[in-house]
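Spelled out, the chains give:
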Amino acid sequence: MDPFQVGSFLTAGILVITGLWAIIMMDNLLKKVIGANLVGDGVNLVLIGIGYKPGGLIPEVTHHFHASAVPSTFSHFLAFNEFAELASYPLPFALVLTNIVIGASTLSVMLALSVVLYHKYNTLSVHKIFEGMEED
Amino acid sequence: MFNSTLIPLMVVFPLIAAILVNFLHQKDRSVKTIAIVSSIVAVLIPLMTIYGVHLFSGHIRTESFPEFSKLLIPDVYMGIVYSYGPIQKILLALLTVMTVFVIFLSINRKLISGVYVAMIFISLASVSAIILADDFFNFFVFTEVLTVAQAALVIAVKETKSHKAAFKYMIFGTVSGGSILLGIALLLGVYGLLNMTDLSNAIKAGGALQPIALTAVALITVGWLYESGLFPFHIVKSNMYENAMPEAAALLQLQSKFVLVAMSIALLRIFSGYTLLKSVMLGFAIFTVVIGSVMALQQTDLRKLLSFVAVGQAGLVAMGIGLGTSFSISAGIFHAINDVLSMAILFFVTGFILDSYKTTKLNQLGEGLQKAPLIGVVMFLATLAISGVPPFNSYQSEFRLIQSAVDAGYAELSVLVILLSVATFVAVIKAFYMVFMKPGTNIEADPKVKGTMHKTIIVILIVMCLFIGLFPNMIYDPIYNIIVSLGV
Amino acid sequence: MEHKGKGFGIGSGFTSEFLMFSSILIAGMLVLRTANSVLFALGSLVILAAILFTVPTVFRVEKENTDSINLTSFYVVLTIAVILIVFFAGSGVLI
């Protein structure tokens, strides 16, 4: 495996473990939310790292191939096997984009909940908010 | 390949309805009309669709060029696939009918906020997609959407307890969602495939699982535990059921059980023949059943009691699936279908009690049979139904679960299932006694609350329970045939 | 908690207690059944004696199942670790 890929997987592992640590160990509500987001970031990095190809092309047709193009004959598209050999794996990018959107929506809901809980309890300490006596 | 247009409509139509009612928020009459019409149309779509497969954008099954791509199978699906068969039809029909009931009850309670109804439709669309999807990443996306929609349904109660419950649910939802996606990413890296049918063929062709694939199995199992509400996530799930409006809680527990069924079938199909997975599922299921029933017996609040009963019954479904034989898996799925009906009746009765008495604390309630005799009788029948008393439906499914446990060689588990049915009966009959028969209450019922809608719906549901109990093979036989043909 | 002292509370307490230790016994029997029969019989008796000495267990179970976020996080991490170890150990990759 390429050293760059190994490095990105290791970074992703560090991100996931840091996120899990923050969720478990941190007493601040916002730090737990940040930890949850870090887990998602680490997983995104794993996905992109899977699609890495050293020296690979972006898997879309660029201007370089348009230079001598005659659009009506589609001559600006590369032959199939050249493109397949040179391009990096395009699928993980789609997955990561979707996951970023999902992460953004869950983050927004969690932050909104944090704001509401802060207004009610005037503290961000998880111990005071969640472990205090339930007003039954 | 037959490319049905109605199959994706089961997901797209509730989403369109959700966007419409959200847009028309605060125009109450339009929201009410669109909600009722859309939910009734959503019931008709699964009944009209014929079985088949939908290939998005028409990407047919193509050759995979194994010498270039190093894929382990000769041909693959190139796009997202939704598949619709008898099990999906039964699950979706029940899901949409229940959604209609919940929307009627929410409108009855004057909860016709456009955003609230939109969240109900989004959760319906998500569970439909989870049941239909044959693509693993699409499956994951809709589990995340479902998490947000369910949290929104609980947040709508606007009490601090519900905000705290939703926060905990979302934190653990993000962790488990990340876990599932990491598992999918590792499977993508090892096998290069996302489609569940292709993955199961590739894993069968690839021999023993490599360590990376084992990590993927473990991570996806953790995600499965969260989506189903099994140990250790039973606390957050029961917290969610307890803090939602009772009608929404009925919908939440139904969605969780159906996601449990869909995800278990997906897991067992993909990692077929991996017996350790089934043993792990069985272990967590047993733990959940025991803890759910024990905790249910200790509760003094009706909603909390019912939420622990719901969690315990989900564990029973997972136990059937974890036993691993075709008989037990189909018994588990049958039990999921039966159990959501009886739990829904109990939750709807709770909704009526909350409306009339403004509290669900068992020690403050009592003498309910004088105010609402019909609802009391139906709750008693639902107690019998959920405990596995003939002629109701859970008797048929629990009988099959016990028989399949003995056939699989785990006779002790059949003893456990019997003990748990008794424990569930004790817990719920205690609640029934304390709400409806206990003398000497000091709370007055609200005389304006008639509960006609509640009464109609729970009578319909108890008749359905009785019907399935008397004619179980109508629902059981298609499920059994499909599970045998899947060969899990 | 005040209603737990009356008839309904005591009845459900006893039921849950009985359910708790019969499930521990059954789980123990399920695991020990794969070993030889002497271990099975002796182990079951030991488990039965141990449970009868530690009643009431149900209040400890109830305390462990409160909806506190820290307790749930602990159990979640424990579960992830246990599942990973079980899958790796069961497949023979780790020796």
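Residues numbered from 1 in each chain as written. Chains lettered and ligands numbered in written order. Predicted model: local features only at pLDDT ≥ 70, side-chain atom pairs only at ≥ 80, totals over all residues.

With that out of the way, let us pick up the overall build of chain C. For chain C, the helix and strand inventory stands at four helices and zero strands. Its helices and strands taken in sequence order, chain C reads α-α-α-α from the N to the C terminus. The buried share of chain C, reckoned over its 95 residues, is 17%. (Helix = DSSP H or I, 4+ residues; strand = E, 2+ residues; numbered from the N terminus. Buried ≥ 20, exposed ≤ 12 C-beta atoms within 10 Å, placed from the backbone.)

With that settled, the discussion passes to the overall build of chain B. If you tally the helices and strands in chain B, you get 20 helices and four strands. For 488 residues, the compact-globule formula gives about 23 Å, and the C-alpha radius of gyration of chain B, at 22 Å, lands near that figure. In terms of overall dimensions, chain B has a C-alpha envelope of 80 × 55 × 40 Å along the principal axes. Partitioning the contacts of chain B with sequence separation of at least 6, the portion at a separation of at least 24 is 80%. (Rg over C-alpha atoms; globule rule 2.2 N^0.38 Å. Contact = placed C-beta atoms within 7 Å.)

Take the domain arrangement of chain C next. In many reports, interface size means the accessible area that the parts give up when they come together. The assigned domain composition of chain C is domain 1 (2-64) and domain 2 (67-95). Computed from C-alpha atoms alone, the centre-to-centre distance between domain 1 of chain C and domain 2 of chain C is 24 Å. (Domains from an automatic or database assignment.)

Turning our attention to the interface of chain B and chain C. On the chain C side, the residues contacting the 37 residues of chain B number 32 residues. Every element with two or more residues in the side of chain B that touches chain C is listed here: helix H7 (160-191), helix H9 (211-228), helix H10 (234-243), helix H12 (275-298) and helix H18 (411-437) of chain B. Considering every element that reaches the side of chain B that touches chain C, the biggest residue donor is H12 of chain B, with ten residues. For the side of chain B that touches chain C, a count of residues per class yields 28 nonpolar, six polar and three charged. (Nonpolar A, V, L, I, M, F, W, Y, C, P; charged D, E, K, R; others polar.)

Attention now moves to the nonpolar core. Residue and element names in this part refer to chain B. One finds Val 117, Ala 185, Phe 258, Ala 344, Ile 345, Leu 346 and Phe 348 to be the most contacted residues of the largest nonpolar core, which totals 241 residues. Of the residues forming this core, the biggest block, 19 residues, is contributed by helix H14 (residues 326-357). Setting aside chain neighbours within four positions, we find Leu 346 in contact with Leu 306, Met 379, Ala 382, Ile 386 and Val 428. (Core = buried A, V, L, I, M, F, W, Y, C linked by C-beta atoms within 7 Å.)

Residue and element names in this part refer to chain C. Summarising the model, chain C shows a mean pLDDT of 82, and 89% of its residues fall at 70 or more. Ranking the helices and strands of chain C by mean pLDDT puts helix H4 (residues 69-90) first, with 90, and helix H3 (residues 58-64) last, with 82. Confidence metrics for the complex model read pTM 0.93 and ipTM 0.90. (pLDDT = per-residue confidence, 0-100.)

This brings us to the environment of Ser 397 of chain B. Residue and element names in this part refer to chain B. Along the chain, Ser 397 turns up in helix H17 (residues 393-407). On the basis of neighbour count, Ser 397 is assigned to the buried category, with 29 C-beta atoms found within 10 Å. Beyond its immediate sequence surroundings of up to four residues, Ser 397 is in contact with Ala 331, Phe 334, His 335 and Asn 338.

With that settled, consider the environment of Thr 99 of chain B. Residue and element names in this part refer to chain B. Along the polypeptide, Thr 99 turns up in helix H4 (residues 86-108). Residues Thr 99 and Leu 188 lie 89 residues apart in sequence; the distance between their C-alpha atoms is 35 Å. When sequence neighbours within four positions are dropped, the list of residues in contact with Thr 99 reads Ser 39, Ala 42, Ile 120, Leu 124 and Leu 251.

All names here are of chain B. That bond from Phe 231 to Pro 232 is cis: its omega, 0°, falls within 30 degrees of zero. Inspection of the secondary structure puts Pro 232 in the loop between H9 and H10. Residue Pro 391 is reached from Pro 390 by a cis peptide bond, and omega for that bond is 0°. Relative to the elements of secondary structure, Pro 391 occurs in the loop between helix H16 (373-387) and H17. Even without glycine at this site, Gln 26 takes up a positive phi of about 80°. Take Gln 26: it is sitting in the loop between helix H1 (6-23) and helix H2 (28-48). Look at Gln 26 and you get exposed, because 10 C-beta atoms sit within 10 Å. Phi at Lys 358 takes a positive value of approximately 60°, unusual for a residue other than glycine. Along the chain, the position of Lys 358 falls in the loop between H14 and helix H15 (368-371).

A separate point is the packing of helix H5 (residues 91-121) of chain A against helix H6 (residues 136-155) of chain B. Put simply, H5 of chain A and H6 of chain B touch, their axes get as near as 11 Å, and they point 10° apart. Compared by their axis directions, H5 of chain A and H6 of chain B come out roughly parallel. Two secondary-structure elements touch here, H5 of chain A through Leu 95, Thr 98, Ile 102, Ser 105, Thr 106 and Val 109 of chain A and H6 of chain B through Phe 137, Val 141, Glu 144, Val 148 and Ala 151 of chain B. Its residues assigned to classes, the contact of H5 of chain A with H6 of chain B shows seven nonpolar, three polar and one charged. (Axes fitted to C-alpha atoms, helices over the stretch in contact; angles between N-to-C directions. Parallel < 35°, antiparallel > 145°, perpendicular 65-115°, else oblique.)

A few words now on the packing of H16 of chain B against helix H19 (residues 452-470) of chain B. Residues and elements named next belong to chain B. In the contact formed by H16 and H19, the axes pass within 10 Å of each other and the chain directions differ by 30°. The orientation of H16 relative to H19 falls into the category roughly parallel. The two elements H16 and H19 meet at a crossing, and its hand is left-handed. Residues Leu 374, Ile 375, Val 378, Leu 381, Ala 382 and Ala 385 of H16 pack against His 454, Lys 455, Ile 458, Val 459, Ile 462 and Cys 465 of H19. Of the residues in the contact of H16 with H19, the class split is ten nonpolar, one polar and one charged. (Left-handed = near helix turned anticlockwise from the far one by under 90°.)

Here we take up the domain arrangement of chain B. Residue and element names in this part refer to chain B. When its domains are assigned, chain B resolves into domain 1 (1-50 + 85-132) and domain 2 (273-488). When each unit is reduced to the centre of its C-alpha atoms, the spacing between domain 1 and domain 2 is 25 Å. Counting from both sides, the interface comprises ten residues of domain 1 and, opposite them, 13 residues of domain 2. A breakdown of the residues in the side of domain 1 that touches domain 2 according to their chemical character gives eight nonpolar, two polar and no charged.

So, on to helix H2 (residues 29-50) of chain A. When the terminal C-alpha atoms of H2 of chain A are compared, their 33 Å separation across 22 residues agrees well with the 32 Å that a helix rising 1.5 Å per residue should span. Of all 22 residues making up H2 of chain A, 17 are buried, and the element is well covered by its neighbours. (Expected span 1.5 Å × (residues − 1).)

A few words now on the confidence of the model for chain B. Per-residue confidence for chain B gives a mean pLDDT of 91; residues scoring 70 or more make up 99%. Ranking the elements of chain B by mean pLDDT puts helix H3 (residues 66-69) of chain B last, at 75, and H6 of chain B first, at 96.

Let us look at helix H8 (residues 196-205) of chain B. Residue and element names in this part refer to chain B. Of all ten residues in H8, seven are buried; the element is thus mostly enclosed. All of the buried residues in H8 are Met 196, Asp 198, Leu 199, Ser 200, Asn 201, Ala 202 and Ile 203. Against strand S3 (75-77), H6, H7 and helix H11 (246-270) lie the buried residues of H8.

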